[in-house]
There are 2 protein chains.
Amino acid sequence: MEKLVRVEQPTTRITGEVTRINMRDRGFDCAGRGDYGDFVKEEYERFCDKYPLSHAMFDMISGFGAMSGAEVKNNRAPIPQDPHMLSRHIKRLGYFLRADVMGICELPEWAIYGVDSEGHPITINHKYAIVVAIDQDYQTMSASTGDDWISCSQSALGYVNSALISRMISNYIRYLGYSAQPHHSGNYQVMITPLCLMAGIGEICRTGVVLNPFLGTRFKAAAVTTDLPLEQDRPVDFGLQEFCMNCEKCADECPSGSIVFGDKSVHNGYESWRIDHKSCTSYRISNQNGSSCGTCIKACPWNKPEGRIHDFVRWVVKHTHFFDRFLVWMDDVGGYSKQRIKKKWWFDLEERDGELRIPKKSNEVNIEKEG
Amino acid sequence: MEKLVRVEQPTTRITGEVTRINMRDRGFDCAGRGDYGDFVKEEYERFCDKYPLSHAMFDMISGFGAMSGAEVKNNRAPIPQDPHMLSRHIKRLGYFLRADVMGICELPEWAIYGVDSEGHPITINHKYAIVVAIDQDYQTMSASTGDDWISCSQSALGYVNSALISRMISNYIRYLGYSAQPHHSGNYQVMITPLCLMAGIGEICRTGVVLNPFLGTRFKAAAVTTDLPLEQDRPVDFGLQEFCMNCEKCADECPSGSIVFGDKSVHNGYESWRIDHKSCTSYRISNQNGSSCGTCIKACPWNKPEGRIHDFVRWVVKHTHFFDRFLVWMDDVGGYSKQRIKKKWWFDLEERDGELRIPKKSNEVNIEKEG
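Residues numbered from 1 in each chain as written. Chains lettered and ligands numbered in written order. Predicted model: local features only at pLDDT ≥ 70, side-chain atom pairs only at ≥ 80, totals over all residues. Heavy atoms only, no water.

1. What about the overall build of chain A?
Point 1. Helix and strand counts for chain A come out as 13 helices and ten strands.
Point 2. At 21 Å, chain A has a C-alpha radius of gyration in line with the 21 Å of a compact globule built from 371 residues.
Point 3. If you line up chain A on its principal axes, its C-alpha atoms span 60 × 55 × 45 Å.
Point 4. Burial statistics for chain A: of 371 residues in total, 58% are counted as buried.
Point 5. Within chain A, contacts between residues separated by at least 24 positions form 76% of all contacts whose residues are at least 6 apart in sequence.
Point 6. Looking at chain A as shown, the accessible area adds up to about 15,200 Å², and 50% of this sits on carbon and sulfur atoms.
Point 7. Looking at charge distribution, chain A has the averaged site of its 44 positive side-chain charges lying 3 Å from that of its 48 negative ones. (Helix = DSSP H or I, 4+ residues; strand = E, 2+ residues; numbered from the N terminus. Rg over C-alpha atoms; globule rule 2.2 N^0.38 Å. Buried < 20%, exposed > 50% of the residue type's maximum accessible area, 1.4 Å probe, protein only. Contact = heavy atoms within 4.5 Å. Areas by Shrake-Rupley, 256 points an atom, 1.4 Å probe, with all protein chains shown as cover. Lys, Arg positive; Asp, Glu negative; His and termini not counted. Charge placed at Lys NZ, Arg CZ, Asp CG, Glu CD.)

Here it is, written out as structure tokens:
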């Protein structure tokens, strides 16, 4: 990450004033309220619990949300006040705590939600945000269709680990005598996507989220806002904007048709590809043949494991767009977005009325065959 | 791990009847009660909290302990009853959840503590134990002296992650309709060392704990006991017993002289090297120049990063003991047990009377110099 080209302005142009978003307008809030219809509202109630693994994982995430944070110490610790040193320290701490990617930015006011789900205005006076990103496991992504029964648990993997790490970093900073607040699944007061953009975790891609050059969009992130004096990372540019123009695989494969083809548009001050949040959220919540959906994550040519060849391809994309379409074709030929069913390790199960059943549409595989 | 030679009996001979241990007799219980003297008792009270990072990490571990587990579902899930498949499934699940090493064994009755810290008898009817091991971070171990201010946080790293994973696996099994119980830091009813031995995580080494061929003793483990029908792994033999006879580096470097030189002895039915628990625990708790101690972990020639050369050395040790002393000498020459201070990323700090100070003996390094 430290070798990526950094730029002054993010590659997603911010063309005008960005209005703060209200938490009540988020897709899942709308779904829970019934704005997306009765069926989606009903399915929302069992969204995390209908598969036993995501249920077990979200138990822990809810548990984190219910924990109280440490008290901020009255006396500040005798640590250096050099923002460069402190940023290095905090990022190295994040990697020690098993984060996959760390980044730091100033906290723009427009990245703070306007009002919370109950309609109360949100105020955060912290100057900086620390971003903690966690890989959702390449092997499992390979073995899945993208929207089968493991999908929600893959999200939960990113959520639970980034939540744990953000809480430990936040408490640590409080013990150093500085204010800090963790923002993670079930506990956000800031929007994660703009923070990932500004902290150089990646560029915004066609699906509207941040894409990291090493993980693609196969990650979830949490943040810690703080007044610890930090040096900020700058946004990155690895050639994604033109790549996404030339690719469109996610738009091709999205089962709910929520991703646009073609050009960007301007909305709320951003120039980016605008996905249909209503149809995306509704599909994930009410998917009857799986638990949630991550088809766009799996379809993306940037969803790759570590390796020299992929390092070389990243270098090519950075330096010329001449090969973009060829590389997307190579990705198809390589079958990266196909399901590698022999690697499937989970059971297809669905909870209904307190009982686990084998779902109607299941691509169950004999795990024994794996070896 | 799956390629290691498995054996019928563990390489630590169990020569007679093993008596169940009472939780009250554990080193930390003794220290907390005052059996190791007033000073150790006083220091015990601030053991995890005297360094701000371990404090923040143990906040989460205590939080886990306070969470209630999921209810066991009345109806069992329609999953295969083949123990081989179920064991593969559970181990693959553990790796998905970011465990570093997984193993499964039958739960021997002598591995269950006899009575808890309050003196209540412990009964566990589960037939199997699933072991989850977490690496304590090679890079940080390299940068530390072994008993400086980061040591307790390195332990906490293994504890917090194995606790999280064990709780998710336990809740998942309960949702499948089988009984399960997590055992992790602050929440044990079983002894982890014998389970690591029986589940083939490694062999018992000179320091009395289990050594894994890839991690050395640089890991912490948690367990889930359960009645889910599982296939057990067998113990491993990678040539450690004779290696430890030839090495003795841990005994040389132990700052409290708690590790014996020479031969094994028989105690409570085991034939192994018996460490002095009182002096080891007392040193860790009352270390005035750091937070806890992991000198033996760092000194051990098996504390190595991943790599082809070390794979080859492991192969040599497995197949002949002729080179053992030469390899220990090579390890010295390689300077693996030296502190790589340029890699140090943490601050030396000590909490006293609610205030963080720079400790008297500090090897503070300018983090900026790192790059």
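2. Considering the sheet that holds strand S6 (residues 219-226) of chain B
Residues and elements named next belong to chain B.
Point 1. Taken in spatial order, the four strands line up as S1-S2-S6-S3 in an open sheet, and their pairing is antiparallel. The sheet is open, and its two borders are formed by strand S1 (101-106) and strand S3 (180-183), each paired with just one other strand. Neighbour-to-neighbour, the strand axes of the sheet open up by a mean angle of 20 degrees, direction not taken into account.
Point 2. One ladder, built from eight bridges, connects strand S2 (residues 128-135) with S6; its direction is antiparallel. By the bridge assignment for S6, tyrosine 128 is matched with threonine 226.
Point 3. Each of S1 and S2 is contacted by helix H4 (residues 83-96), which is oriented at about 145 degrees to S1, the strand it contacts most. (Pairing = 2+ DSSP bridges. Axes fitted to C-alpha atoms, helices over the stretch in contact; angles between N-to-C directions.)

3. Things to note about the pairing of S1(B)
All names here are of chain B.
Point 1. Within S1, five of the six residues are buried, leaving the element largely enclosed by the surrounding structure.
Point 2. Bridge analysis of S1 against S2 gives six bridges, and the strand direction is antiparallel. Following the sheet pairing, glutamate 106 is matched in S2 by tyrosine 128.

4. Let's talk about the side chain of Ser292(A)
Residues and elements named next belong to chain A.
Point 1. Among the structural elements, serine 292 can be located in the loop between helix H10 (277-286) and helix H11 (295-299).
Point 2. Judged by its relative accessible area of 3%, serine 292 falls in the buried class.
Point 3. Beyond its immediate stretch of four places on either side in the chain, serine 292 contacts Phe47, Asp147, Ser151, Cys152, Arg284 and Asn287.

5. Thoughts on H10(A)
Note: α-helices contain 3.6 residues per turn, so residues at a spacing of three or four share the same orientation.
Residue and element names in this part refer to chain A.
Point 1. Listed in full, the buried residues belonging to H10 are Cys280, Thr281, Ser282, Ile285 and Ser286.
Point 2. On its buried face, H10 is in contact with helix H1 (27-33) and helix H2 (38-45).
Point 3. Here H10 starts with a cap whose side-chain oxygen sits 3.1 Å from the backbone nitrogen of lysine 278, and that cap is aspartate 276. (Polar contact = N/O pair within 3.5 Å; in protein donor to acceptor, adjacent residues only side chain to side chain.)

6. Details of the relation of the copies chain A and chain B
Point 1. With an RMSD of 0.0 Å, the fit of chain A onto chain B corresponds to turning through 180 degrees and sliding 0.0 Å along the axis. Here the two chains are linked by the operation of a two-fold rotation axis. (Least-squares fit on C-alpha atoms with pLDDT ≥ 70 in both.)

7. With respect to the pattern of salt bridges
Residue and element names in this part refer to chain A.
Point 1. According to the stated counting rule, one finds 42 salt bridges over all chains in the structure shown.
Point 2. Residues arginine 218 and aspartate 135 are paired through a salt bridge, measuring 2.8 Å at the closest nitrogen-oxygen approach. Of this pair, arginine 218 sits in the loop between strand S5 (210-211) and strand S6 (219-226) while aspartate 135 sits in strand S2 (residues 128-135), placing them 83 residues apart in sequence.
Point 3. Since its relative accessible area comes to 2%, arginine 218 is described here as buried. (Salt bridge = Lys/Arg side-chain N within 4 Å of Asp/Glu carboxyl O.)

8. As for the interface of chain A and chain B
Point 1. Residue-level contacts link 62 residues of chain A with 62 residues of chain B.
Point 2. Run the count over chain A and chain B and you get six salt bridges.
Point 3. Counting the contacts that link chain A with chain B gives 15 residue pairs in polar contact (both at pLDDT 80 or more).
Point 4. Listing elements by their share of the side of chain A that touches chain B, those giving two or more residues are helix H3 (52-66), helix H4 (83-96), S2, helix H5 (138-143), helix H6 (151-175) and strand S10 (355-357) of chain A.
Point 5. Counting residues per element, the side of chain A that touches chain B draws most heavily on H6(A), at eleven residues.
Point 6. Of the residues that constitute the side of chain A that touches chain B, the class distribution is 32 nonpolar, 15 polar and 15 charged. (Nonpolar A, V, L, I, M, F, W, Y, C, P; charged D, E, K, R; others polar.)

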